[in-house]
Amino acid sequence: MPKALQRIGAGAFYSCHSLKNIELPMTLDEIGMSAFEECYKLRYIRIPPGVTRIEKFTFKYCSSLQQIDHFHRIEHIGTSAFYHCSSLCLFRMPKRVVYIGISAFAFCNSLEEIEIPGTVQELCNGLFEACTLLRKVRLPDHIKSITPNCFKECQNLVDINLPVGLEKIGAGAFRNCY
């Protein structure tokens, strides 16, 4: 990648099925929606410090993605951003994130543990749906509702703190959690 690159547009690497690794330059400050969608073999990505948003569908269906580094400046994670990243087992939620979109981590079958930072105000629908290996979830105390299908089919979920001020648990929020 060129050292002076500042922006990767929407769908720029969409369906590049053989792409395994990519080195993003430190000058990069924007990654467009669906930029790496369906890059099935992508295993690793390092997010440059200027990038503060992961747009919708950015890594959707990156089923080999195992590791994301330097993710700490992200404030926004869009709808289905990591949908079906089935190899992603460790994800440290950025402390600055304020928004996590609908189904952002749905079908991340290898994800085992997640901590939602206190900067997040709400959990969107289907956020962790079908994360079948998810065992432990830490939620901030100010969360007032758990939306529909948020943890649906998280079959191994055994440890979740329900905030003291929780007022509503949506339809199917914990459906098929054994």
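Because the structure is a prediction, the values reported are computed rather than measured.

Chemist: Quick one: what's the story with the pattern of salt bridges, residue by residue and with numbers?
Modeler: Under the defined criterion, the tally for this structure stands at six salt bridges. In this structure, glutamate 55 and arginine 53 form a salt bridge, with 2.8 Å as the shortest nitrogen-oxygen distance. Residue class for arginine 53 comes out partly exposed when judged on its relative accessible area of 38%. Residue lysine 152 pairs with glutamate 129 through a salt bridge whose shortest N-O separation is 3.9 Å. Of this pair, lysine 152 sits in the loop between strand E11 (145-146) and strand E12 (159-160) while glutamate 129 sits in the loop between strand E9 (113-115) and strand E10 (136-138), placing them 23 residues apart in sequence. With respect to burial, lysine 152 and glutamate 129 carry one shared label: buried. Each of Glu112, Glu113 and Arg135 takes part in one network of salt bridges that share partners.

Chemist: Requested: an account of the sheet that holds strand E5 (residues 53-54), with residues and values cited.
Modeler: Ordered by their spatial adjacency, three strands build an open sheet running E5-E7-E8, and the pairing between neighbours is parallel. One side of each edge strand has no neighbouring strand; the edge strands of this open sheet are E5 and strand E8 (99-100).

Chemist: I'd like a rundown of the nonpolar core, residues and numbers included.
Modeler: Core analysis: the largest hydrophobic core is formed by 51 residues, its most contacted members being Phe36, Phe59, Ile77, Phe82, Phe91, Phe105 and Phe128. For phenylalanine 59, the contacting residues outside a window of four places in its chain are Phe36, Leu42, Ile45, Ile47, Ile54, Leu65, Ala81, Phe82, Tyr83 and Cys85.

Chemist: Give a detailed account of the side chain of serine 86, specifying residues and quantitative values.
Modeler: Assignment of secondary structure puts serine 86 in the loop between strand E7 (76-77) and E8. At a separation of 3.4 Å, a polar atom in the side chain of serine 86 contacts the main-chain carbonyl oxygen of serine 63. Dropping the residues within four chain positions of it, serine 86 is found in contact with Ser63, Phe107, Cys108, Asn109 and Ser110.

Chemist: Explain the sheet that holds strand E2 (residues 21-22) to me, and be specific about the residues and the numbers.
Modeler: Here we have three strands laid out as an open sheet, ordered E2-E4-E6, and parallel in their pairing. Each end of this open sheet is capped by a strand with a single partner; those strands are E2 and strand E6 (67-69). In the sheet, strand E4 (residues 44-46) pairs with E6 via three bridges, with the strands oriented parallel. Within the sheet, the bridge partner assigned to tyrosine 44 lies in E6 and is glutamine 67.

Chemist: Could you give an account of the environment of glycine 9, naming the residues involved and the relevant values?
Modeler: Mapped onto the fold, glycine 9 is located in the loop between strand E1 (7-8) and E2. Spatially, the C-alpha atom of glycine 9 lies 18 Å from that of isoleucine 74, the residues being 65 residues apart in sequence. Beyond its immediate chain neighbours, meaning those up to four positions away, glycine 9 contacts Gly32 and Ala35.

Chemist: Requested: an account of unusual backbone geometry, with residues and values cited.
Modeler: A positive phi angle, near 60°, is found at serine 15, a position not held by glycine. Mapping serine 15 onto the fold places it in the loop between E1 and E2.

Chemist: Run through the environment of asparagine 161, naming residues and quoting values.
Modeler: Relative to the assigned elements, asparagine 161 resides in the loop between E12 and strand E13 (168-169). For asparagine 161, a relative accessible area of 21% gives the class partly exposed. C-alpha separation for the pair asparagine 161 and threonine 132, spaced 29 residues apart in sequence, amounts to 18 Å. Beyond its immediate stretch of four places on either side in the chain, asparagine 161 contacts Val137, Arg138 and Leu139. Within the structure, asparagine 161 has its side chain in polar contact with the backbone nitrogen of leucine 139 (distance 2.7 Å).

Rules and cut-offs
- Residues numbered from 1 in each chain as written.
- Predicted model: local features only at pLDDT ≥ 70, side-chain atom pairs only at ≥ 80, totals over all residues.
- Heavy atoms only, no water.
- Salt bridge = Lys/Arg side-chain N within 4 Å of Asp/Glu carboxyl O.
- Buried < 20%, exposed > 50% of the residue type's maximum accessible area, 1.4 Å probe, protein only.
- Helix = DSSP H or I, 4+ residues; strand = E, 2+ residues; numbered from the N terminus.
- Pairing = 2+ DSSP bridges.
- Core = buried A, V, L, I, M, F, W, Y, C linked by side-chain atoms within 4.5 Å.
- Contact = heavy atoms within 4.5 Å.
- Polar contact = N/O pair within 3.5 Å; in protein donor to acceptor, adjacent residues only side chain to side chain.

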